[in-house]
Structures are given as structure tokens and as C-alpha cells.
Amino acid sequence: MRQINRIFLHHSESPFSTTFEDIKQWHLNRGWRDIGYHFVIGQYGTIKIGRPVSKIGAGVYHHNNDSIHICVIGDFDKRAPKTKQIESLISLLTRLRMKHDVKIHNHCEYTTNKTCPGRNLAGMLSFLDKESKRPIRRLIEVILILLEKIKGDK
Ligand SMILES: [Zn+2]
């Protein structure tokens, strides 16, 4: 397993109706072998898995080797993220940070010519950081995983 040192947030900078498949196609058209992101959150909060976390993604130039990329669909310079998207993002971040206890970063922190993940999502960084680290949430997550495991054992 590669070393994970940070999690990056992105937006698709496109309408809410954009799909995982659309983004994948954009990236394939660039000549990439797969979608660049590890996770994509759709307008209704559905989390789709892109590249496996074990594989290096493509999201931030020079900072892909040790990072996980999450893309939330929408243009958050113009619009606000939907509640369902934020809920899914927090739950995904909680799960990821149980395994990789690392900081969350906005893509724009690492580049000068972009606002990604859009100012309305970028401004939520400290909220997302705090919410996805709440101990009670962790406890719930652990219980859910244990329950899943029990179900799987039957
Ligand atoms: Zn980005």
C-alpha cells in the first residue's frame, strides 16, 4: 500500500447533472487510463469509486503520489453544495481518516491558477475537518463496520 499523506477536495466545475461517466470520459479523452479521482460524489450524494485508493490518482500536479482525490459534482464557485453531498462527503472523509489519519486540503491550496473545489465548498474545509473527526461519528462508523462484518460472516 502506498503512503497517504493528504486528501484533496475537487469540484467538477460543471452542472449538477454531470455524471461519474461524464467525468471519466473527459479524463479518458485526455489520454489518461482511468478517471483521475478516487471518489466522486454525485448531486444526490451517491459516492462512486473511481481509481482504487491503492493506485495513484490524477488531480493535483506533483502531489498525486501520496494523496487521495475526492471530486464533488457541481460548480461551487457559482452554487452551494447540496446537503446530501455534504453528508456523503463527511461520511466518506470519516471512513477514509479512520484508515489514513491525514489532513484534508482544497486543490486550490496547491495551485495558483484555480479555485477548485470552488469557493463555496473550499470555505467549508474547517467544518468538514471537524465533523469528520468527531469521536462519536467514529464510534458509529466502527459499529457499522462491525455489523457489516457480522452480516458478511453469515
Ligand atoms: Zn481540482
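Provided above is the structure to which this section pertains.
So, here is what we can say about the structure in this document.

Turning to the overall build of the chain, a few remarks are in order. Along the backbone of the chain there are five helices and five strands. Here the chain has a C-alpha radius of gyration of 15 Å; the compact-globule value for 154 residues is 15 Å, and the two agree. If one aligns the C-alpha atoms of the chain with their principal axes, the spans along those axes are about 45 × 30 × 30 Å. Taking all 154 residues of the chain together, the buried fraction comes to 31%. Contacts spanning at least 24 positions in sequence make up 71% of the contacts within the chain whose residues lie at least 6 apart.

The next point concerns the nonpolar core. Residues Ile7, Val40, Ile41, Ile70, Cys71, Val72 and Leu93 are the most contacted members of the largest nonpolar core, which totals 25 residues. Of all the secondary structure elements, the ones that give two or more residues to this core are β1 (6-11), α1 (20-29), β2 (39-41), β4 (67-72) and α2 (83-99). Residues within four places of isoleucine 7 in sequence aside, it is in contact with Ser67, Ile68, Ile70, Leu93, Leu96, Val102, Ile104 and His105.

Taking strand neighbours across the sheet as the criterion, the five strands line up as β3-β2-β4-β1-β5 in an open arrangement whose pairing is mixed. Unpaired on one side and paired on the other, β3 (47-49) and β5 (103-106) mark the two borders of the sheet. If you compare each strand with its neighbour and ignore which way they point, the axes differ by 25° on average. Of the strand pairs in this sheet, β2 and β4 are connected by three bridges, and their pairing is parallel. Directly across from valine 40, in β4, lies its bridge partner cysteine 71.

Conventions and cut-offs
Residues numbered from 1 in each chain as written. Predicted model: local features only at pLDDT ≥ 70, side-chain atom pairs only at ≥ 80, totals over all residues. Helix = DSSP H or I, 4+ residues; strand = E, 2+ residues; numbered from the N terminus. Rg over C-alpha atoms; globule rule 2.2 N^0.38 Å. Buried ≥ 20, exposed ≤ 12 C-beta atoms within 10 Å, placed from the backbone. Contact = placed C-beta atoms within 7 Å. Core = buried A, V, L, I, M, F, W, Y, C linked by C-beta atoms within 7 Å. Pairing = 2+ DSSP bridges. Axes fitted to C-alpha atoms, helices over the stretch in contact; angles between N-to-C directions.

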